[in-house]
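If you want the building blocks of each chain, they are given just below.
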Amino acid sequence: MASLSAAAASSADSATISADACAKVIDGKLVAKQIREEIAIEIAKMKDAIGVVPGLAVILVGSRKDSQTYVRNKKKACEAVGIKSYEVNLPEDTSEDEVLKHIATFNGDPSVHGILVQLPLPHHMNDENILNAVSIEKDVDGFHPLNIGRLAMQGRDPFFVPCTPKGCMELLHRYGVEIKGKRAVVIGRSNIVGMPAALLLQKANATVSIVHSKTKNPEEITRQADIVIAAVGVANLVRGSWIKPGASIIDVGINPVDDPESPRGYRLVGDVCYEEASKVAGAITPVPGGVGPMTIAMLLSNTLESAKRIHNFK
Ligand SMILES: Nc1nc(=O)c2c([nH]1)NC[C@@H]1CN(c3ccc(C(=O)N[C@@H](CCC(=O)O)C(=O)O)cc3)C=[N+]21
């Protein structure tokens, strides 16, 4: 499928370009914007009808720059759609008990419908103790073991689906990617992305394989997939040769790589080598501008869903 444009691009490169089929870009930034607009309308309706404003509490422990940025972005996104945000910033050396006290307060506060404890937590804290303490009815991250367990069971719906995998599914749905009966491969098996993404794909009737660090032939298995969700945190791991022609690729990775020419000194790349994969795939998410913005949109969606459920507003 060599074409004029590929040949014209550069005569030096043309020998290495075997195909220039160009995947459709799955624009997460655009979809996230649409979803935020939909959410803002629903929130205004609920406020009019029953006088309730959804509330999201965010607990940040320590002073990691990236976490501070995420929390600031979440707060801005809340304000823009009409969600009231409550923020608690605690120093790095805060005790686990102190964090648990804040969680208990928010659990009992009727103006708070969602509680998020920003991860990663400092090393002296036990994540499980903290995540266990969040009321499952306010667990908008979907990280409580009971919510994860329910996701894994048939006929036992969780209160909340974790935001990043939910965002991946939403992108597939909104771009009309058929899931039922298709082969899907999830690369990575983390509690917060890989595992729940695999469960959601399975719930949507895909046949799912999980590829991980001990998988013998990841390339061969991935090449069988009509749908790939990559969530390992290794820059450019998935090469063009791993991709089945026409497959839909959702790239969850957000990896900084040194780039002296970029203003920040680094740029962000996914787990998928975009340049190669976009020549083979049928559709692909970019990084940035793919799954990242969807994660925040789904957090807002979960917070609205929680307020509606708690106040029995349809
Ligand atoms: N309790 C908890 N819940 C989380 O949901 C959670 C967390 N902890 N800890 C950290 C990760 C990471 N995360 C992201 C959210 C948005 C973007 C995002 O919007 N990224 C943009 C911009 C990236 C940039 O330019 O810096 C993009 O990909 O286009 C990325 C990453 C949520 N996380």
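Residues numbered from 1 in each chain as written. Predicted model: local features only at pLDDT ≥ 70, side-chain atom pairs only at ≥ 80, totals over all residues. Heavy atoms only, no water.

Of regular secondary structure, the protein possesses 11 helices and 11 strands. By the compact-globule yardstick of 20 Å for 314 residues, the protein fits well, its C-alpha radius of gyration being 21 Å. Structurally, the protein occupies a C-alpha span of about 65 × 40 × 40 Å along its principal axes. Counted over contacts in the protein with a minimum sequence separation of 6, partners at least 24 positions apart contribute 68%. As displayed, the protein has an accessible area near 15,700 Å², and 53% of this comes from carbon and sulfur atoms. Side-chain charges in the protein split into 35 positive and 35 negative, and the spacing between the mean points of these groups amounts to 4 Å. (Helix = DSSP H or I, 4+ residues; strand = E, 2+ residues; numbered from the N terminus. Rg over C-alpha atoms; globule rule 2.2 N^0.38 Å. Contact = heavy atoms within 4.5 Å. Areas by Shrake-Rupley, 256 points an atom, 1.4 Å probe, with all protein chains shown as cover. Lys, Arg positive; Asp, Glu negative; His and termini not counted. Charge placed at Lys NZ, Arg CZ, Asp CG, Glu CD.)

Here we take up the environment of H113. With respect to the secondary-structure elements, H113 resides in the loop between α4 (96–107) and β4 (114–117). Along the chain, H113 and R309 lie 196 residues apart, while their C-alpha atoms are 9.4 Å from each other. Contacts of H113, omitting those with residues within four sequence positions, involve V52, V53, P54, G55, E137, K138, V140, T303, S306, A307, I310 and H311. Within the structure, H113 has its side chain in polar contact with the side chain of H311 (distance 3.0 Å). (Polar contact = N/O pair within 3.5 Å; in protein donor to acceptor, adjacent residues only side chain to side chain.)

When the UniProt feature table is mapped to this numbering, "domain: Tetrahydrofolate dehydrogenase/cyclohydrolase NAD(P)-binding" (unreviewed entry) covers residues 162–309. Across residues 162–309, the secondary structure splits into 34% helix and 19% strand, with the terminal C-alpha atoms separated by 17 Å. (UniProt positions renumbered as here; feature names shortened; annotations may be inferred.)

Ranked by size, the top nonpolar core spans 55 residues in total, and within it L172, I179, L201, I229 and I250 carry the most contacts. Residue assignment for this core shows that the elements contributing at least two residues are α2 (28–50), β2 (55–61), α3 (65–81), α7 (163–174), β5 (183–187), α8 (194–203), β7 (227–230) and α11 (291–310). Of the residues forming this core, the biggest block, nine residues, is contributed by α11. In contact with I179, other than residues within four places in its own chain, are M169, L172, H173, L201, A204, N205, A206 and I227. Counting 16 residues, the second-largest nonpolar core is a separate cluster that includes A23, I187, V211 and V272. (Core = buried A, V, L, I, M, F, W, Y, C linked by side-chain atoms within 4.5 Å. Buried < 20%, exposed > 50% of the residue type's maximum accessible area, 1.4 Å probe, protein only.)

Looking now at the packing of α2 against α7. At a minimum axis separation of 11 Å, α2 and α7 run at an interaxial angle of 95°. Between α2 and α7, the interaxial angle falls into the category roughly perpendicular. On the side of α2, the interface is formed by G28, V31, Q34, I35 and E38, while α7 contributes E170, L171 and R174. When its residues are assigned to classes, the contact of α2 with α7 shows three nonpolar, two polar and three charged. (Axes fitted to C-alpha atoms, helices over the stretch in contact; angles between N-to-C directions. Parallel < 35°, antiparallel > 145°, perpendicular 65-115°, else oblique. Nonpolar A, V, L, I, M, F, W, Y, C, P; charged D, E, K, R; others polar.)

Under the criterion given, the structure shown has zero aromatic pairs. Here the basic side chain of K84 rests over the ring of Y86, its NZ or CZ set 5.0 Å away from the ring centre. Cation over ring: R309 sits above F160, and NZ or CZ is 4.9 Å from the ring centre. (Phe/Tyr/Trp six-rings, centres within 6.5 Å; stacked < 30°, edge-to-face > 60°. Lys NZ or Arg CZ within 6 Å of the ring centre and 35° of its normal.)

Okay, the sheet that holds β2 next. Overall, parallel pairing links the three strands, which are arranged β3-β2-β4 in an open sheet. Taken across any chain shown, the strands that pair with only one partner, and hence form the sheet edges, are β3 (84–90) and β4. Going from strand to strand, the sheet's axes swing by 15° on average, the running direction of each strand aside. Bridge count between β2 and β3: seven bridges; the pairing is parallel. Bridge pairing links G55 to K84 in β3. α3 rests against β2, β3 and β4 of the sheet, and its axis sits at about 170° to β2. Where α4 meets the sheet, it contacts β2, β3 and β4, and its direction lies at approximately 180° from that of β2. (Pairing = 2+ DSSP bridges.)

Our next topic: the site of the ligand. Close to the ligand lie 17 residues, the nearest being V117, Q118, L119, D141 and G289. A distance of 2.6 Å separates an oxygen atom of the ligand from a polar atom in the backbone of G289. For the shell around the ligand, the secondary structure elements donating two or more residues are α3, β4 and α11. Of all the elements, α11 adds the most residues to the shell around the ligand, at four residues. Here the shell around the ligand is composed, by residue class, of 10 nonpolar, four polar and three charged. (Near = heavy atom within 4 Å.)

Strand order across the open sheet formed by six strands is β1-β11-β8-β7-β5-β6, with parallel pairing between neighbours. Because the sheet does not close on itself, it has two edges, and the strands there are β1 (24–25) and β6 (207–211).

Sequence positions flagged by UniProt for "domain: Tetrahydrofolate dehydrogenase/cyclohydrolase catalytic" (unreviewed entry) are, in local numbering, residues 26–141. With 51% helix and 16% strand, residues 26–141 has its two end C-alpha atoms placed 24 Å apart.

Moving on to α4. Helix length check: α4 (12 residues) gives 16 Å between terminal C-alpha atoms against 16 Å at 1.5 Å per residue, within 8%. Within α4, burial applies to E96, V99, I103 and F106. Viewed along the axis of α4, the buried residues span an arc of 85°, placing them on a single side of the element. Away from its buried face, by an angle of more than 90 degrees, α4 presents the exposed residues D97, K101 and T105. Buried residues along α4 sit against β2, β3, β4 and α5 (127–133). (Expected span 1.5 Å × (residues − 1). Arc of directions from axis to C-beta.)

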